[in-house]
Amino acid sequence: MKKNQKGFTLIELLIVVAIIGIIAAIAIPSLLRARVSANEAGTIGDIRAVSSAQAAFTSTAGGYGVLTCLSTPSDAGCILNYPANAPTFIDTSMATLGTRSGYARTFTPGVTMTGLPAGVLDGYLYVALPSTPNQTGVRGFAGDASGRICFTPDGTQPAATGASLAPACTVIK
């Protein structure tokens, strides 16, 4: 063999690969935890946005609204004589239920209030549960007409009766 050949030995390459593997083993769990935290923060933000939209809708319509009424209040059965070009309460993407930011969302309407359009309710329950527990999220969340946002540490639905949270639920501060 010639002494003036340049390059890395097999041992040097194995050491570099081992170091990269160790760094990846340390970094990947942290990145996954950051993703779960981001999903949870986004979900809490969405529940707060729905609660704020419901409060604004209530001041206009006299009761809480189904999600489609929050995104299109001028539709029949929502707010009587509401102009089609007037502002909406939430974006149409938030009015669509299903999985978003790793959380499956559901909406339980309260009872339709007498004397008001069909989309005006006496309460609501908005629930978001991890679509894949311990991967997309850890905690389960819910918000209701009281304005509280409650959570469970194990990803299950917070205790509720009909369209309202149980009084003893764990509230996010």
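About the criteria used
Residues numbered from 1 in each chain as written. Predicted model: local features only at pLDDT ≥ 70, side-chain atom pairs only at ≥ 80, totals over all residues. Heavy atoms only, no water. Buried < 20%, exposed > 50% of the residue type's maximum accessible area, 1.4 Å probe, protein only. Helix = DSSP H or I, 4+ residues; strand = E, 2+ residues; numbered from the N terminus. Pairing = 2+ DSSP bridges. Core = buried A, V, L, I, M, F, W, Y, C linked by side-chain atoms within 4.5 Å. Contact = heavy atoms within 4.5 Å. Salt bridge = Lys/Arg side-chain N within 4 Å of Asp/Glu carboxyl O. Expected span 1.5 Å × (residues − 1).

Asks: Just checking my understanding: could you explain the pairing of strand β6 (residues 140–144) for this structure?
Replies: Two faces, one strand: in a regular strand the side chains alternate between the faces of the sheet. The buried count for β6 comes to five of five residues, which makes it a mostly enclosed element. Side chains of β6 alternate between two faces, with G140, A142 and D144 and F141 and G143 buried alike. Bridge count between strand β5 (residues 124–130) and β6: four bridges; the pairing is antiparallel. If you follow L125 over to β6, its bridge partner there is D144.

Asks: Would you take a moment to explain the sheet that holds strand β10 (residues 170–171) for this structure?
Replies: Two modes of strand pairing occur in sheets, parallel and antiparallel, and in both the strands are linked by backbone hydrogen bonds. With antiparallel pairing, six strands are arranged side by side in an open sheet as β2-β3-β5-β6-β7-β10. The sheet terminates laterally at β2 (98–100) and β10, the two strands that pair on one side only. As judged from the seven bridges shared by strand β3 (residues 103–109) and β5, these two strands associate in the antiparallel manner. Paired with T106 across the strands is V127, a residue of β5.

Asks: Would you mind showing me how to read unusual backbone geometry here?
Replies: Residues apart from glycine generally show negative phi values, whereas peptide bonds are mostly found in trans. In this model, S101 sits at a positive phi of 55°, which is unusual for a non-glycine residue. Mapped onto the fold, S101 is located in the loop between β2 and β3. Although it is not a glycine, N134 adopts a positive phi angle of roughly 70°.

Asks: Teacher, can you tell me more about the nonpolar core here?
Replies: As a rule of thumb, nonpolar side chains are buried together in soluble globular proteins. Of all hydrophobic cores here, the largest spans 29 residues; its most connected members are F57, L67, L70, F89, I90, Y126 and F141. Those elements that place two or more of their residues in this core are α1 (10–61), α2 (67–71), α3 (92–95), β3, β4 (120–121), β5 and β7 (149–152). In terms of residues, this core owes the most to one element, α1, which gives six residues. For F57, the contacting residues outside a window of four places in its chain are G62, G63, Y64, G65, C69, L70, I79, F89 and V120. Counting residues in hydrophobic clusters, the runner-up holds six residues, among them L125, V127, L165 and C169.

Asks: Can you help me understand the pattern of salt bridges in this one?
Replies: Pairing between side chains of opposite charge can happen when their charged atoms approach one another. Scanning the entire structure with this criterion turns up four salt bridges. Between E40 and R139 there is a salt bridge; the shortest N-O distance is 3.2 Å. Of the two residues, E40 is situated in helix α1 and R139 in the loop between β5 and β6; the sequence distance between them amounts to 99 residues. For E40, a relative accessible area of 9% puts it in the buried group. Its relative accessible area of 25% is what places R139 among the partly exposed residues. When the shortest N-O distance is used, the salt bridge between R100 and D46 registers 3.3 Å.

Asks: Just to check I follow, could you spell out α1 for this structure?
Replies: Residues that lie three or four places apart on an α-helix share one face, since the helix turns once every 3.6 residues. Taking 1.5 Å per residue as the helical rise, α1 with its 52 residues ought to reach 76 Å, and the 74 Å between its terminal C-alpha atoms agrees with that figure. One or two steps after α1, the chain reaches G62, where phi turns positive at roughly 90°.

Remember, this is a structural readout, not a statement about activity or role.
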